[in-house]
Amino acid sequence: MGVRVQQAAFDPGLEVNAMHAANVGVGAVVAFVGYVRDFNDGREVAGMLLEHYPGMTEKALGKIVVDASERWPLLKVEVLHRIGALEPGEPIVFVGVASAHRQAAFDACNFIMDYLKTRAPFWKKENTAQGAHWVEGKQSDQDAAGRW
Amino acid sequence: MKVRVVYFARYREALGRDGEQLEGDFKVVDDVRQALLEQGGDYLLLAEQNLMCACNQDLCKLDEPVREGDEVAFFPPVTGG
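All values derive from a computational prediction rather than experimental measurement.

Caption draft 1: A look at the sheet that holds strand 1 (residues 2-6) of chain A. Residues and elements named next belong to chain A. One open sheet holds the four strands; their spatial order is 1-5-7-2, and the pairing between them is mixed. The open sheet is flanked by strand 1 and strand 2 (28-35), the only strands paired with a single partner. The sheet shows a mean angle of 5° between the axes of neighbouring strands, taken without regard to direction. Relative to strand 5 (residues 74-82), strand 1 runs parallel, the two being bridged by five bridges. Each bridged residue has a counterpart across the sheet, and for Gly 2 the counterpart in strand 5 is Glu 78. Sheet strands touched by helix 3 (residues 102-119): strand 2, strand 5 and strand 7 (91-99). Its angle to strand 7, the strand with the most contacts, is close to 145°.

As structure tokens, this is what we get:
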């Protein structure tokens, strides 16, 4: 089980493979990778700055991972989230979940992303041709987290 | 009693600071928020309905008790992922 908050880029393929490495009890790996899009809410996005709350970020992500591990029989969970300046096409977040069977991995990965979106202290500031602005929280994300 | 208040993202920018010490007779997080609201100006941002808060780096509600030396954070809804 691991949580990483880092500025550096990561390789999603390497992260996925590491979910299975050296554990032949793993029958399923589900991974989510979030990327910076070049378009959001009708505006072209040139890049973004990801702010976070040092200390609380790691604590909040750790709690989400523990919560998921208590709900599903998981063999490994890795959450990696980037901070700082990011450009369109770059990966922002990786959530990998390994379990013996697929359903637990699918559900836990979905759960972790829904909770991360509403409980982990990250904020996106997008740069567009119209200037920089803070991304607003979405009700749909709150609703998604509420279903668990 | 003294608490450390910290701000993030849009609140941090609007207030022009990432945090400050605050002294007062606080029982819960909302008392800290009310003391700031009384200062008016940009602090009125903290009246936003969707404001989020944390005490000692754990998400909490406005009725969370505060103690001497606690770190109280106010921020807009999170948008990571």
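Caption draft 2: How the structure looks around empty space enclosed by the protein. This structure, assessed with the given rule, holds one cavity of 30 Å³ or more. The computed volume of the largest cavity comes to approximately 60 Å³. Lining the largest cavity we find Trp 123, Trp 134, Val 135, Glu 136 and Gly 137 of chain A together with Ala 9, Arg 10, Pro 76, Pro 77 and Thr 79 of chain B. In terms of residue class, the lining of the largest cavity is made up of six nonpolar, two polar and two charged.

Caption draft 3: Focus on the nonpolar core. All names here are of chain A. Membership of the largest hydrophobic core comes to 31 residues, with the highest contact counts inside it found for Leu 74, Val 79, Val 95, Val 97 and Ile 112. Contributions of two or more residues to this core are made by strand 2, strand 4 (43-52), helix 2 (56-71), strand 5, strand 7 and helix 3. Excluding residues that lie within four positions of it along the chain, Leu 74 makes contacts with Met 1, Ala 68, Ser 69, Val 97, Ala 98, Ser 99, Ala 104 and Ala 108.

Caption draft 4: Seen up close, the layout of surface pockets. Taken as a whole, the largest pocket holds about 940 Å³ of empty space. Mapped onto the lining of the largest pocket, the elements with two or more residues apiece are strand 2, strand 3 (39-40), helix 2, helix 3, strand 8 (122-128) and helix 4 (139-146) of chain A together with strand 3 (52-55) and strand 4 (58-60) of chain B. The dominant element in the lining of the largest pocket, judged by the number of residues it contributes, is helix 2 of chain A, at six residues. Classifying every residue of the lining of the largest pocket by side-chain character gives 20 nonpolar, twelve polar and 13 charged.

Caption draft 5: How the structure looks around the pattern of salt bridges. All names here are of chain B. One pass over the full model with this rule turns up 15 salt bridges over all chains. Between Glu 48 and Arg 10 there is a salt bridge, with the nearest N and O atoms lying 3.0 Å from each other. A residue pair is termed long-range when its members are at least 10 positions apart, and Glu 48 in the loop between helix 2 (29-37) and strand 3 and Arg 10 in helix 1 (residues 9-15) qualify at 38 residues. Residue Glu 48 is classed as partly exposed on the basis of its relative accessible area, which comes to 25%. Here Arg 33 and Asp 30 are joined by a salt bridge, their closest N and O atoms 2.8 Å apart.

Reading the values: the criteria
Position numbers for residues count from 1 along each chain, tracking the sequence in the order it is written. Numbering of ligands from 1 and lettering of chains from A proceed in the order in which they are written. It should be noted that, the model being predicted, local features are given only for residues of pLDDT at least 70 and side-chain atom pairs only at 80 or more, the latter also being counted only at that level, while totals for whole chains, interfaces and linings use all residues. As a rule here, side-chain values cover all heavy atoms of the structure and leave hydrogens and water aside. Paired strands, in this sense, are two strands between which DSSP finds at least two bridges. What counts as a helix is a DSSP run of H or I of at least four residues, what counts as a strand is a run of E of at least two, and both are numbered from the N terminus. What counts as an axis is a line fitted to C-alpha atoms, over the stretch in contact for a helix, and the angles between N-to-C directions run from 0 to 180 degrees. Between two residues, a contact is recorded if the distance between any of their heavy atoms is within 4.5 Å. Here a cavity means grid points, on a 1 Å grid over the protein atoms only, where a 1.4 Å probe fits yet cannot get out; a pocket means an open set of points with protein on both sides within 12 Å along at least five of seven lines; lining residues are those with an atom within 4 Å of a point. Grid points are joined across faces, edges and corners, and a volume is the space filled by probe spheres set on the points. When residues are sorted by character, Ala, Val, Leu, Ile, Met, Phe, Trp, Tyr, Cys and Pro go into the nonpolar class, Asp, Glu, Lys and Arg into the charged class, and all the rest, Gly among them, into the polar class. Only buried residues count toward a nonpolar core. Its members are Ala, Val, Leu, Ile, Met, Phe, Trp, Tyr and Cys residues joined through side-chain atoms within 4.5 Å. Exposure classes here rest on a 1.4 Å probe applied to the protein chains alone. A residue is buried below 20% of its type maximum, exposed above 50%, and partly exposed in between. When a carboxyl oxygen of Asp or Glu lies within 4 Å of a side-chain nitrogen of Lys or Arg, that pair is called a salt bridge.

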